[in-house]
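# Coordinates in review
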Amino acid sequence: MPNRDSYRFSFNTKSIKDFGNYCEEFDRDGAKCFVNSDNMTAKTIFDLGTEVLPLHQRHTAKLNLDKTAAFKAMLKVNGQRFNQKDAANFIEDWADNIKVVTKNGEAMTIAQASLQLREITIEQVASINSKVDNFSESMSTMEKVEDKNQDKIPAVIDFTCIPYHGLGDRGFTIRLSILTGGNKPEISLRIVRLEAQEEDMAEEFKEILVETFKDSELKTFIGEG
């Protein structure tokens with residue numbers, strides 16, 4: 001046979017635009033697009049056919065969105081503990097994406113925030129209470145460890161970036177906590193409401209694809225295909 005009996009091809013891309021263009025070019029009756037909003041992927045089966053006339057499902061297109069470098073860097077620090085130098089380096093490295101404020105809501109420059117993190121001072125205060133009488137003797141020692149000039153230390157990072165290629169800019173809030181349990185202070189970073197942000201990104205992804213295929217025969221579904 002000089003030709004195949006059916007069109008067979010699997011197209012893979014990380015570009016929403018190219019995925020949309022390819023799907024429009026091979027759009028046909030019965031084609032379906034399945035969107036996995038958890039993994040930020042989509043798959044179109046062009047020769048799915050119908051229940052009455054099922055086809056071979058050999059022609060597909062797949063879209064897999066990539067995380068941006070900034071989003072990867074932010075996720076990498078989430079829930080981690082850092083020494084003063086590494087925490088300051090993170091702020092300096094991503095200065096174009098970051099705004100920093102104190103716990104009182106006062107804005108700080110990147111240089112100020114970095115300097116304050118590098119110069120955290122821990123004060124240790126010990127007080128001894130002693131009481132002695134004829135029947136009992138008691139003594140308690142209380143130690144209190146606190147960071148000095150805590151009003152000037154960065155408390156919140158507003159991190160703005162494009163999380164996935166093809167999506168829009170999104171703002172994230174990162175809380176900084178100073179941990180004083182060890183010999184040296186540590187800085188803990190935590191992204192606020194990350195799961196809710198992930199749900200919003202999945203919804204944005206779905207809406208982009210629905211808008212892309214609004215004038216085509218292709219139907220879009222949320223789920224695995």
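Keep in mind that what you see is a predicted model, and the values were worked out from it rather than measured. (Residues numbered from 1 in each chain as written. Predicted model: local features only at pLDDT ≥ 70, side-chain atom pairs only at ≥ 80, totals over all residues. Heavy atoms only, no water.)

### Looking at the environment of Leu 63
What counts, and what does not: Secondary structure elements follow DSSP: runs of H or I no shorter than four residues count as helices, runs of E no shorter than two count as strands, and numbering proceeds from the N terminus. The rule is simple: take the accessible area with a 1.4 Å probe, protein chains only, and divide by the maximum for that residue type; under 20% is buried, over 50% is exposed, in between is partly exposed. Two residues form a contact once any of their heavy atoms are found within 4.5 Å.
Take Leu 63: it is sitting in strand 4 (residues 59-64). By relative accessible area, which is 2% here, Leu 63 ends up buried. Along the sequence, Leu 63 and Lys 43 sit 20 residues apart, while their C-alpha atoms lie 6.3 Å from each other. In contact with Leu 63, not counting residues within four places along its chain, are Thr 13, Lys 14, Ser 15, Ile 16, Phe 19, Met 40, Thr 41, Ala 42, Phe 205 and Leu 209.

### Overview of the sheet that holds strand 3 (residues 41-45)
Note the threshold: Two strands form a pair only when DSSP identifies at least two bridges running between them. All axes are obtained by fitting lines to C-alpha atoms, using only the stretch in contact for helices, and the reported angles, taken between N-to-C directions, cover 0 to 180 degrees.
One open sheet holds the 5 strands; their spatial order is 1-4-3-2-13, and the pairing between them is mixed. The open sheet terminates on both sides in strands that have one partner only, identified here as strand 1 (9-13) and strand 13 (219-222). The mean inter-strand angle of the sheet, taken between neighbouring strand axes irrespective of direction, is 15°. Two strands pair when backbone bridges link them, and strand 3 and strand 4 are joined in this way by 5 bridges, in the antiparallel orientation. Bridging across to strand 4, Ile 45 finds its partner in Thr 60. Where helix 1 (residues 16-25) meets the sheet, it contacts strand 1, strand 2 (32-36), strand 3 and strand 4, and its direction lies at approximately 165° from that of strand 4.

### A few points about the confidence of the model for the chain
A low pLDDT means the predicted coordinates there should not be read in detail. The test is simple: Every residue gets a pLDDT, meaning the predictor's confidence in that residue, from 0 to 100.
Considering every residue of the chain, the mean pLDDT works out to 83; 80% of them sit at 70 or more. By mean pLDDT, the top-scoring element of the chain is helix 2 (residues 69-77) (97), and the lowest-scoring one is strand 9 (residues 137-147) (46). Of the regions scoring below 50 in pLDDT, residues 134-139 engages in 9 contacts with residues more than four places distant in sequence or in other chains. Low pLDDT, under 50, characterises residues 141-145; the stretch is placed with 15 contacts to residues that sit more than four places away or in other chains.

### Quick look at the packing of helix 1 against helix 5 (residues 194-212)
To characterise two packed helices, one gives the angle between the axes of the helices and the distance between these axes. To be explicit about the condition: Each crossing gets its handedness from the near helix: less than a right angle anticlockwise from the far helix is left-handed, clockwise is right-handed. In the scheme used here, Gly and all other residues not listed as nonpolar or charged are polar, with Ala, Val, Leu, Ile, Met, Phe, Trp, Tyr, Cys and Pro taken as nonpolar and Asp, Glu, Lys and Arg as charged.
Running from N to C, helix 1 and helix 5 cross one another at 35°; their axes reach a closest spacing of 10 Å. As for how helix 1 packs across helix 5, the hand of that crossing is right-handed. Contacts between helix 1 and helix 5 pair Ile 16, Phe 19, Gly 20 and Glu 24 from the former with Phe 205, Ile 208, Leu 209 and Thr 212 from the latter. Each residue belonging to the contact of helix 1 with helix 5 can be placed in one class, and the counts come to 5 nonpolar, 2 polar and 1 charged.

### Considering the pattern of salt bridges
The cut-off we apply is this: Whenever a carboxyl oxygen of Asp or Glu lies within 4 Å of a side-chain nitrogen of Lys or Arg, that contact is scored as a salt bridge.
A full pass over the atoms with the stated rule returns 6 salt bridges. Ionic pairing is found between Arg 81 and Glu 186, a salt bridge with its closest N-O pair at 3.7 Å. Note that Arg 81 is positioned in strand 5 (residues 81-82) and Glu 186 in strand 12 (residues 186-191), a separation of 105 residues in sequence. Residue Arg 81 is classed as exposed on the basis of its relative accessible area, which comes to 58%. For Glu 203, the salt bridge identified is with Lys 206, shortest N-O distance 3.1 Å.

### Considerations on the packing of aromatic side chains
By convention here, two paired aromatic rings are described through the distance between centres and the angle between planes. Selection criterion: For this analysis, a ring pair means two rings from Phe, Tyr or Trp (six-membered ring only for Trp) whose centres lie within 6.5 Å, classed as stacked if their planes differ by under 30 degrees, edge-to-face if by over 60, and tilted for the remaining angles.
For the coordinates displayed, the defined rule picks out 8 aromatic pairs. An aromatic cluster is present here, built from Phe 11, Tyr 22, Phe 26 and Phe 46 joined pairwise through their rings.

### Observations concerning the nonpolar core
Under the convention used in this document: Only buried residues count toward a nonpolar core, which is a set of Ala, Val, Leu, Ile, Met, Phe, Trp, Tyr and Cys residues joined through side-chain atoms within 4.5 Å.
Ranked by internal contacts, the top residues of the largest apolar core, which has 49 residues, are Phe 19, Leu 117, Ile 157, Phe 159, Phe 205 and Leu 209. The biggest single contributor to this core is helix 5, with 5 residues. Dropping the residues within four chain positions of it, Phe 159 is found in contact with Ala 70, Met 74, Phe 90, Trp 94, Asn 97, Ile 98, Arg 170, Gly 171, Phe 172 and Ile 174.

### Focus: helix 3 (residues 84-93)
Going by this rule: Each direction from the helix axis to a C-beta atom contributes to the arc, which is the arc of those directions. Contacts described as polar in this section are N or O atom pairs within 3.5 Å, which, within protein, must combine one atom able to donate a hydrogen with one able to accept it, while residues neighboring in sequence count only if both atoms come from side chains.
Of all the positions in helix 3, only Gln 84, Ala 87, Ala 88, Phe 90 and Ile 91 are classed as buried. Buried residues of helix 3 fall within an arc of 155° about the axis and therefore sit on the same side. What points out from helix 3, more than 90 degrees from its buried face, is the exposed set Lys 85 and Asp 93. Buried residues along helix 3 sit against helix 2, strand 5, strand 6 (98-102), helix 4 (110-118), strand 10 (154-161) and strand 12. Measuring from the side-chain oxygen of the N-cap residue of helix 3 to the backbone nitrogen of Lys 85 gives 3.2 Å; that N-cap residue is Asn 83.

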